[in-house]
Amino acid sequence: MKAGRLGGDYLPIFLVRRSDVELRLGRPDQAGADADRGLSILQASEQAGAFSSTLGHAYLALGRALHAQGKPGEARTAFRSAAEHLQSTLGPDHSDTRNALQLAESEPAEHIASR
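Residues numbered from 1 in each chain as written. Predicted model: local features only at pLDDT ≥ 70, side-chain atom pairs only at ≥ 80, totals over all residues. Heavy atoms only, no water.

1. Topic: helix α5 (residues 95–104)
Okay, step 1: Of all the positions in α5, only Thr97, Asn99, Ala100, Leu103 and Ala104 are classed as buried. Buried positions in α5, seen along its axis, are confined to an arc of 165 degrees and lie on one side of it.
Okay, step 2: Taken together, the buried residues of α5 touch α3 (53–68) and α4 (72–89). (Buried < 20%, exposed > 50% of the residue type's maximum accessible area, 1.4 Å probe, protein only. Helix = DSSP H or I, 4+ residues; strand = E, 2+ residues; numbered from the N terminus. Arc of directions from axis to C-beta. Contact = heavy atoms within 4.5 Å.)

2. With respect to helix α1 (residues 11–24)
Okay, step 1: Taking 1.5 Å per residue, 14 residues should reach 20 Å; α1 reaches 20 Å between its end C-alpha atoms and fits that length.
Okay, step 2: For α1, the full list of buried residues reads Pro12, Leu15, Val16, Ser19, Asp20, Glu22 and Leu23. Buried residues of α1, viewed axially, fall in a sector of 165 degrees; they line one side. Of the exposed residues in α1, those oriented more than 90 degrees away from the buried face are Phe14, Arg17 and Arg24.
Okay, step 3: Where α1 is buried, its residues touch α2 (28–45) and α3.
Okay, step 4: Directly beyond the C-terminal end of α1, a positive phi value near 80 degrees is found at Gly26. (Expected span 1.5 Å × (residues − 1).)

3. Describing the nonpolar core
Okay, step 1: Counting residues in hydrophobic clusters, the biggest one holds 20 residues, and the most contacted among them are Leu39, Leu60, Phe79, Ala82 and Ala100.
Okay, step 2: For this core, the secondary structure elements donating two or more residues are α2, α3, α4 and α5.
Okay, step 3: For Leu60, the residues in contact, after removing those within four places along its chain, are Phe79, Ala82, Leu86, Asn99, Ala100 and Leu103. (Core = buried A, V, L, I, M, F, W, Y, C linked by side-chain atoms within 4.5 Å.)

4. Overview of a nonpolar patch on the surface
Okay, step 1: A cluster of nonpolar side chains, namely Tyr10, Ile13 and Phe14, defines an oily patch on the protein surface of about 320 Å² accessible area.
Okay, step 2: Turning to its location among the elements, Ile13 is positioned in helix α1.
Okay, step 3: Ile13 gets classed as partly exposed once you look at its relative accessible area, which sits at 30%. (Patch = residues over 30% accessible without salt bridge, like charges linked within 9 Å, V, L, I, M, F, W, Y side chains within 5 Å. Areas by Shrake-Rupley, 256 points an atom, 1.4 Å probe, with all protein chains shown as cover. Salt bridge = Lys/Arg side-chain N within 4 Å of Asp/Glu carboxyl O.)

5. Looking at the pattern of salt bridges
Okay, step 1: Summed over all chains, the structure comprises two salt bridges.
Okay, step 2: The partner of Asp34 in a salt bridge is Arg18, with the nearest N and O atoms 2.5 Å apart. Of this pair, Asp34 sits in helix α2 while Arg18 sits in helix α1, and the two are 16 residues apart along the sequence.
Okay, step 3: By relative accessible area, which is 7% here, Asp34 ends up buried.
Okay, step 4: One continuous salt-bridge network, built from bridges that share partners, spans Arg18, Glu22 and Asp34.

6. Side note on the environment of Val21
Okay, step 1: Note that Val21 resides in helix α1.
Okay, step 2: Among the residues examined, Val21 registers a relative accessible area of 47% and is labelled partly exposed.
Okay, step 3: C-alpha of Val21 to C-alpha of Ala31: the two residues are 10 residues apart in sequence and 7.7 Å apart in space.

7. Quick word on the packing of aromatic side chains
Okay, step 1: What the rule picks out here adds up to one aromatic pair.
Okay, step 2: Aromatic side chains Tyr10 and Phe14 sit 6.2 Å apart centroid to centroid with 35 degrees between the ring planes, which places their arrangement in the tilted category. Judged on exposure class, the residue Tyr10 and its partner Phe14 are both exposed. (Phe/Tyr/Trp six-rings, centres within 6.5 Å; stacked < 30°, edge-to-face > 60°.)

Structure follows, in structure tokens:
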């Protein structure tokens, strides 16, 4: 990747997936850092205003990490962004879309498990 060869497109996807693993291992700070980094890379490569399921999943991972860090307001904002992207790309009936919508509307004290 550093040499400009193939593979760079996969980095944000790997970071988002690693974020989920780190969260399951009880490492919310590392999970948040990876989700945020993956999201930043994706945002830089996407056309402004375009919807993407990949961006939606990155926002969902970030929201979970933020919630685990005790930042429910920021988490709900990330979940709302996830829901918007996922609804526009996967549809309103997709399980990830429904999950993001549910998490965006959840109360701060509710437990958010990685799904």
